[in-house]
Amino acid sequence: MSATSTAPMAGATALPGLRPSLKVPVSLGVLALIALIFFGLMGPDQTAEMKISDPGDAFAVPALMIPGQVGGIVLAILLLAMAGYSIFLWTRGERSPKWLPIAFAVVFVFALLVWIVAGARQPSISLAGLVAGSVTLAVPLVFGSLSGVLCERVGVVNIAIEGQLLGGAFTAALVATVTGSPYVGLIAAAAAGAVVSMVLAVFSIKYLVNQIIVGVVLNVLVSGLTGFLFGTVMVPNKEQFNTPGRLDILPIPFLSDIPIIGPILFEQSIAGYLMYVAVAIVWFGLFKTRWGLRVRAVGEHPQAADTLGINVNATRFWNVTLGGAIAGIGGAVFTLVTIDSFTKEISGGRGFIALAALIFGRWNPIGAFLASLLFGFAYNLQSILGIIGTPVPSQFMAMLPYLVTIFAVAGLVGRSRPPAASGIPYVKG
């Protein structure tokens, strides 16, 4: 049994006598003060050089030269203004508009970047390279989070994303090596992810086993199985079973020549382009088609969906299977794009970050895509810190995705509610 409630839309006036939550105004205010103190008043004296494009580009854009302390103070004042606007709306009984936390996050991240670069031994960074690397690292996260969206929208909690990614990565490397075709490995990775999801679906839907427990067990099982096969099959016979090659980079004519964004977005492998297509198709399917209406009905109120003639458990089974196939493609990115071989635990916990992106994106394909890009940015920035010689520990940046997840789950970045029947098995009658 579930209850639903309708909340006022962002920016709308709350009900008489009731004020909206203070979470967002307080959170923005605290972060703005932190930015003022650390990025501004205690900011470094050096000037941060932000290279927007590479010098060899046909349409080179001059680099941004931002004084560390002065730039930090200016950006912090802008953050304080946005926090003040949020508090002003709260005093009038109105919620902060949806764009406000997003704009605040963009300015805060830029202020953080200026602070880090200005304090480095080499106070220079390529924004184009940073964003391009972030997109590449975000690809498996996007596929994993889309898998979670498809599963949870239909009422099944998919904790097994990590296992689906790992299974896809192993299968892609093995099949691509044996067949000599990375593209066949990509298809095999989708099949492997689907198989892992089928196990999750059978036990959680047919036998009503706790979905979270099944997901955790599958993660451990796939990790152990791939680790065993890696040590006994791939390591002794690397040339025969673990040299898959890479997916070719396929620049799109004209689009890849667009200054700055062209090389970032339109010089991708087939997996990168599949990411864009998958996000668009899943969003359109969920919110613009009859299939999506049925899926969301099953995830919100399966009893009502059943009375309308929808086969609830069959819908759940095939959605979970499709989600696993998508996650398997994400796993193939590790072995066919990022590096050209499989290593033990190659996914490195990305499945759980994808689950965090799903929550942060509010169970929406586009939201999950943007959240995955944010986490990819944090991962890439972590590696760049060591190159430019910043005094900020790289472990600090490694914590960012998890800190953002905590804020998302706590509701500090806005209300986040899963489908009402998510995690609840359905028994007909």
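All of these numbers come straight from a predicted model, not from anything done at the bench.

### Some details on unusual backbone geometry
Phase 1 of the analysis: In this structure, Glu345 takes a positive phi of about 55 degrees despite not being glycine.
Phase 2 of the analysis: The residue Glu345 is located in the loop between helix H13 (312-338) and helix H14 (350-360) in this model.
Phase 3 of the analysis: Look at Glu345 and you get partly exposed, because its relative accessible area is 37%.
Phase 4 of the analysis: Even without a glycine there, the phi angle at Trp363 is positive, about 60 degrees.
Phase 5 of the analysis: Its place among the elements puts Trp363 in the loop between H14 and helix H15 (365-388).

### Some points on the layout of surface pockets
Phase 1 of the analysis: Considered as a void within the structure, the second largest pocket measures approximately 230 Å³ in volume.
Phase 2 of the analysis: Around the second largest pocket, the lining is made up of 13 residues, and of these Ala278, Ile281, Val282, Leu322 and Ile326 lie nearest the centre.
Phase 3 of the analysis: Contributions of two or more residues to the lining of the second largest pocket are made by helix H4 (127-153), helix H10 (270-288) and H13.
Phase 4 of the analysis: With 6 residues, H10 is the single largest residue contributor to the lining of the second largest pocket.
Phase 5 of the analysis: Residue composition of the lining of the second largest pocket, grouped by class: 12 nonpolar, 1 polar and no charged.

### Some remarks on the nonpolar core
Phase 1 of the analysis: Among the nonpolar cores identified, the biggest contains 65 residues, and Phe143, Leu146, Met275, Leu336 and Phe342 are the most heavily contacted of them.
Phase 2 of the analysis: No other element matches the 10 residues that H13 contributes to this core.
Phase 3 of the analysis: Those residues in contact with Phe342 that sit more than four places away from it in its chain are Leu166, Ala169, Phe170, Ala173, Thr226, Phe230, Met234, Asn242 and Thr335.
Phase 4 of the analysis: Counting 35 residues, the second largest nonpolar core, distinct from the first, contains Leu28, Met50, Leu127 and Val392.

### Considering the packing of helix H5 (residues 161-179) against helix H6 (residues 182-206)
Phase 1 of the analysis: Put simply, H5 and H6 touch, their axes get as near as 7 Å, and they point 145 degrees apart. In this structure, the crossing between H5 and H6 has a hand that is right-handed. For the pair H5 and H6, contact is made by Gly163, Gln164, Gly167, Gly168, Thr171, Ala172, Val175, Ala176 and Thr179 and by Pro182, Val184, Gly185, Ala188, Ala189, Ala192, Gly193, Val196 and Ser197, respectively.
Phase 2 of the analysis: For the contact of H5 with H6, the per-class residue count stands at 9 nonpolar, 9 polar and no charged.

### Some remarks on the environment of Pro302
Phase 1 of the analysis: Among the structural elements, Pro302 can be located in helix H12 (residues 302-307).
Phase 2 of the analysis: On the basis of relative accessible area, Pro302 is assigned to the buried category, the value being 6%.
Phase 3 of the analysis: Measuring from C-alpha to C-alpha, the distance between Pro302 and Ala421 comes to 7.3 Å, with 119 residues separating the pair along the chain.
Phase 4 of the analysis: Contacts of Pro302, omitting those with residues within four sequence positions, involve Ala297, Val312, Arg316, Ala421 and Tyr426.

### Here's the deal with the environment of Val209
Phase 1 of the analysis: Within the fold, Val209 resides in the loop between H6 and helix H7 (211-234).
Phase 2 of the analysis: For Val209, a relative accessible area of 32% translates into the label partly exposed.
Phase 3 of the analysis: Once the C-alpha coordinates of Val209 and Pro425 are considered, the two residues, 216 residues apart in sequence, prove to be 8.5 Å apart.
Phase 4 of the analysis: Aside from chain neighbours lying at most four places away, what touches Val209 is Phe203, Ser204 and Val214.

### Considering the packing of aromatic side chains
Two descriptors summarise a pair of aromatic rings, namely the distance from one centre to the other and the angle between the planes of the rings.
Phase 1 of the analysis: What the rule picks out here adds up to 11 aromatic pairs.
Phase 2 of the analysis: Ring geometry for Phe39 against Phe108: centres 5.5 Å apart, planes inclined by 55 degrees, an arrangement best described as tilted. Of this pair, Phe39 sits in helix H1 (residues 23-41) while Phe108 sits in helix H3 (residues 99-118), and the two are 69 residues apart along the sequence.
Phase 3 of the analysis: Judged by its relative accessible area of 5%, Phe39 is buried.
Phase 4 of the analysis: With a centroid separation of 5.1 Å and 90 degrees between ring planes, the pair formed by Phe317 and Trp318 is classed as edge-to-face.
Phase 5 of the analysis: Chaining the aromatic ring pairs together yields one cluster made of Phe39, Phe104, Phe108 and Trp115.
Phase 6 of the analysis: Note that Lys206 overlies the ring of Tyr207, its terminal NZ or CZ placed 5.7 Å from the centroid.

Conventions and cut-offs
Residues numbered from 1 in each chain as written. Predicted model: local features only at pLDDT ≥ 70, side-chain atom pairs only at ≥ 80, totals over all residues. Heavy atoms only, no water. Helix = DSSP H or I, 4+ residues; strand = E, 2+ residues; numbered from the N terminus. Buried < 20%, exposed > 50% of the residue type's maximum accessible area, 1.4 Å probe, protein only. 1 Å grid on protein atoms, 1.4 Å probe; cavity = no way out; pocket = protein on both sides within 12 Å on 5 of 7 lines; lining within 4 Å. Points joined across faces, edges and corners; volume = space filled by probe spheres on them. Nonpolar A, V, L, I, M, F, W, Y, C, P; charged D, E, K, R; others polar. Core = buried A, V, L, I, M, F, W, Y, C linked by side-chain atoms within 4.5 Å. Contact = heavy atoms within 4.5 Å. Axes fitted to C-alpha atoms, helices over the stretch in contact; angles between N-to-C directions. Left-handed = near helix turned anticlockwise from the far one by under 90°. Phe/Tyr/Trp six-rings, centres within 6.5 Å; stacked < 30°, edge-to-face > 60°. Lys NZ or Arg CZ within 6 Å of the ring centre and 35° of its normal.

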